[in-house]
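The residues making up each chain are set out below.
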Amino acid sequence: MHRLAALRSPLNTTVLGIAGVGGLIWLIVRAAGDTAGQYWNPIGLLIVLGGTMAATLIAFRGRHLLSLLSSLGALFEREPTIRHEIEVIVKVATLVGRSNVRLAEAEVAKVERPFLKLGLQLALDGVPVEELMHVLNWRIQKQVERENAQAKLLRTLANFAPALGMLGTLVGLVNMLSVLGSGDLDVIGRGLSIALITTVYGVGLANLVFRPIAIRLEQRTIHRVALMNVLLDGIILLRLGRSPSTIRDTIDTLVADRVDEMGR
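Residues numbered from 1 in each chain as written. Predicted model: local features only at pLDDT ≥ 70, side-chain atom pairs only at ≥ 80, totals over all residues. Heavy atoms only, no water.

K.L.:
An account of the overall build of the protein is needed here, citing residue identities and associated values.
P.N.:
Counting its regular elements, the protein contains 9 helices and 0 strands. A burial count over the protein gives 35% of its 264 residues as buried. When contacts within the protein are restricted to residue pairs at least 6 apart in sequence, long-range pairs at least 24 apart make up 80% of them. Total accessible area computed for the protein in this model is approximately 15800 Å², and 62% of it derives from carbon and sulfur atoms. (Helix = DSSP H or I, 4+ residues; strand = E, 2+ residues; numbered from the N terminus. Buried < 20%, exposed > 50% of the residue type's maximum accessible area, 1.4 Å probe, protein only. Contact = heavy atoms within 4.5 Å. Areas by Shrake-Rupley, 256 points an atom, 1.4 Å probe, with all protein chains shown as cover.)

K.L.:
Summarise the pattern of salt bridges; cite the residues concerned and give the values.
P.N.:
Tallying each qualifying case throughout the model produces 7 salt bridges. Arg113 is the salt-bridge partner of Glu85, the closest N and O atoms lying 3.0 Å from each other. With Glu85 in helix H4 (residues 83-97) and Arg113 in the loop between helix H5 (101-109) and helix H6 (114-124), this residue pair connects regions lying 28 residues apart in the sequence. The class for Arg113 is partly exposed, based on a relative accessible area of 32%. Ionic pairing is found between Glu107 and Lys110, a salt bridge with its closest N-O pair at 3.4 Å. (Salt bridge = Lys/Arg side-chain N within 4 Å of Asp/Glu carboxyl O.)

K.L.:
Residues and numbers for the confidence of the model for the protein, please.
P.N.:
Averaged over all residues, the pLDDT of the protein equals 82, while 86% of them reach at least 70. Mean pLDDT across the secondary structure elements of the protein bottoms out at helix H1 (residues 14-32), with 77, and peaks at H6, with 93. Every residue in residues 1-10 is under pLDDT 50, and counting partners more than four places away or in other chains gives 28 contacts. (pLDDT = per-residue confidence, 0-100.)

K.L.:
Would you mind going over H6 in detail, with residue names and values included?
P.N.:
Turning to H6, its buried residues are Phe115, Leu116, Gly119, Leu120, Leu122, Ala123 and Leu124. Trailing H6 by a residue or two, Gly126 shows a phi angle of about 75°, which is positive.

K.L.:
Which residues make up unusual backbone geometry, and what values do they have?
P.N.:
Notably, Ser99 is not glycine yet its phi reads approximately 65°, a positive angle. Structurally, Ser99 can be placed in the loop between H4 and H5. Overall, the relative accessible area of 60% leaves Ser99 in the exposed class.

K.L.:
Just give me the short version of the environment of Ile82, but keep the residues and values in it.
P.N.:
Take Ile82: it is sitting in the loop between helix H3 (62-71) and H4. In this structure Ile82 comes out as buried when scored by relative accessible area, which is 0%.

K.L.:
How would you explain the nonpolar core if you had to name every residue and give the values?
P.N.:
Within the largest apolar cluster, 36 residues are counted, with the highest numbers of intra-cluster contacts made by Val92, Leu120 and Leu132. Every element with two or more residues in this core is listed here: H4, H5, H6, helix H7 (129-178), helix H8 (185-239) and helix H9 (244-255). Per element, the largest residue contribution to this core is 10 residues, and it comes from H8. Here Val92 is in contact with Ala104, Glu107, Val108, Leu120, Leu124 and Leu238, once residues within four sequence places are set aside. Residues Leu75, Ala161, Tyr201 and Leu205 belong to the second largest nonpolar core, which totals 17 residues. (Core = buried A, V, L, I, M, F, W, Y, C linked by side-chain atoms within 4.5 Å.)

K.L.:
Tell me what's going on with the environment of Ala161, and back it up with residues and numbers.
P.N.:
Examined against the element boundaries, Ala161 turns out to sit in helix H7. Given a relative accessible area of 0%, Ala161 falls into the buried group. Spatially, the C-alpha atoms of Ala161 and Thr198 are 9.5 Å apart, while their sequence positions differ by 37 residues. Discounting chain neighbours no more than four positions away, the residues touching Ala161 are Val48, Thr52, Gly202, Leu205, Ala206 and Phe210.

K.L.:
Report on the packing of H6 against H7, specifying residues and quantitative values.
P.N.:
Axis separation between H6 and H7 bottoms out at 10 Å; the angle between their running directions is 175°. Here H7 runs roughly antiparallel to H6, going by the angle between their axes. Across the interface between the two elements, Pro114, Phe115, Leu118, Gly119, Leu122 and Ala123 of H6 pack against Leu132, Val135, Leu136, Arg139 and Ile140 of H7. Split into classes, the residues belonging to the contact of H6 with H7 amount to 9 nonpolar, 1 polar and 1 charged. (Axes fitted to C-alpha atoms, helices over the stretch in contact; angles between N-to-C directions. Parallel < 35°, antiparallel > 145°, perpendicular 65-115°, else oblique. Nonpolar A, V, L, I, M, F, W, Y, C, P; charged D, E, K, R; others polar.)

K.L.:
Requested: an account of a nonpolar patch on the surface, with residues and values cited.
P.N.:
A cluster of nonpolar residues, Leu24, Ile28, Tyr39, Leu208 and Val209, forms a patch on the protein surface that exposes about 370 Å² of accessible area. Considering the arrangement of structural elements, one finds Tyr39 in the loop between H1 and helix H2 (42-59). Relative accessible area serves as the criterion here: at 33%, Tyr39 is assigned to the partly exposed category. (Patch = residues over 30% accessible without salt bridge, like charges linked within 9 Å, V, L, I, M, F, W, Y side chains within 5 Å.)

K.L.:
Summarise H4; cite the residues concerned and give the values.
P.N.:
Think of an α-helix as 3.6 residues a turn; residues three or four steps apart then line up on the same face. Here H4 contains 15 residues, and its C-alpha end-to-end distance of 21 Å stays within 8% of the 21 Å for a straight helix at 1.5 Å per residue. Listing the buried residues of H4 in full gives Glu85, Ile86, Val88, Ile89, Val90, Val92, Ala93 and Leu95. Positive backbone phi, at 65°, marks Ser99, one or two positions downstream of H4. (Expected span 1.5 Å × (residues − 1).)

Quick look at the structure:
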């Protein structure tokens, strides 16, 4: 049995997190009782969401927004693994060791992941190790830049939302002060409630939606880059002509689940 514990798909906590947010909203509404309707203000929500999106459109290009939208579905997926890719590297190494280069190339042609396919093809073509590493490290770096841009966009949304919530609060306070001289406490109270609810929307969206998703995407990037580096090491070993057993043992060591390297 190979030590692939580090590649096991963990419990997808996104659904649990969404349920937790729903539970929090339910508790707030439940605590408000008959006055729960005061937490719903379409105009305030439009100020926060509309203003946040407008500011984001100014700050980022459309391709960044489209890239973010395409990556949101990954939040509900389990962490990617490379079990199959490891087996492919070992199989190609076995075929190369038996001088079945044509069969090895046919095996590479069936690979779906672009990074692994390119790396294996470069290895079979006899590209120098330094050049191979340069090309694949560049691909890893571009992947990091692309995914970090998505997380940065979400963190920007998390910064804009409370600010737009405060803007809505200030607008509401101005409107409230305009009727302060009437002395009608009921009107003044409703105006103050509306003024403050936009801050609630801004803080809630920033800390319950945008920032958690940004952190999740950053963690996903770290995990994906780690897997790509493991594949890179396996490709380099293949290029150096190491035996399939050596490649497998080395990769197993890289992905072994060690909690503490300095412990026992």
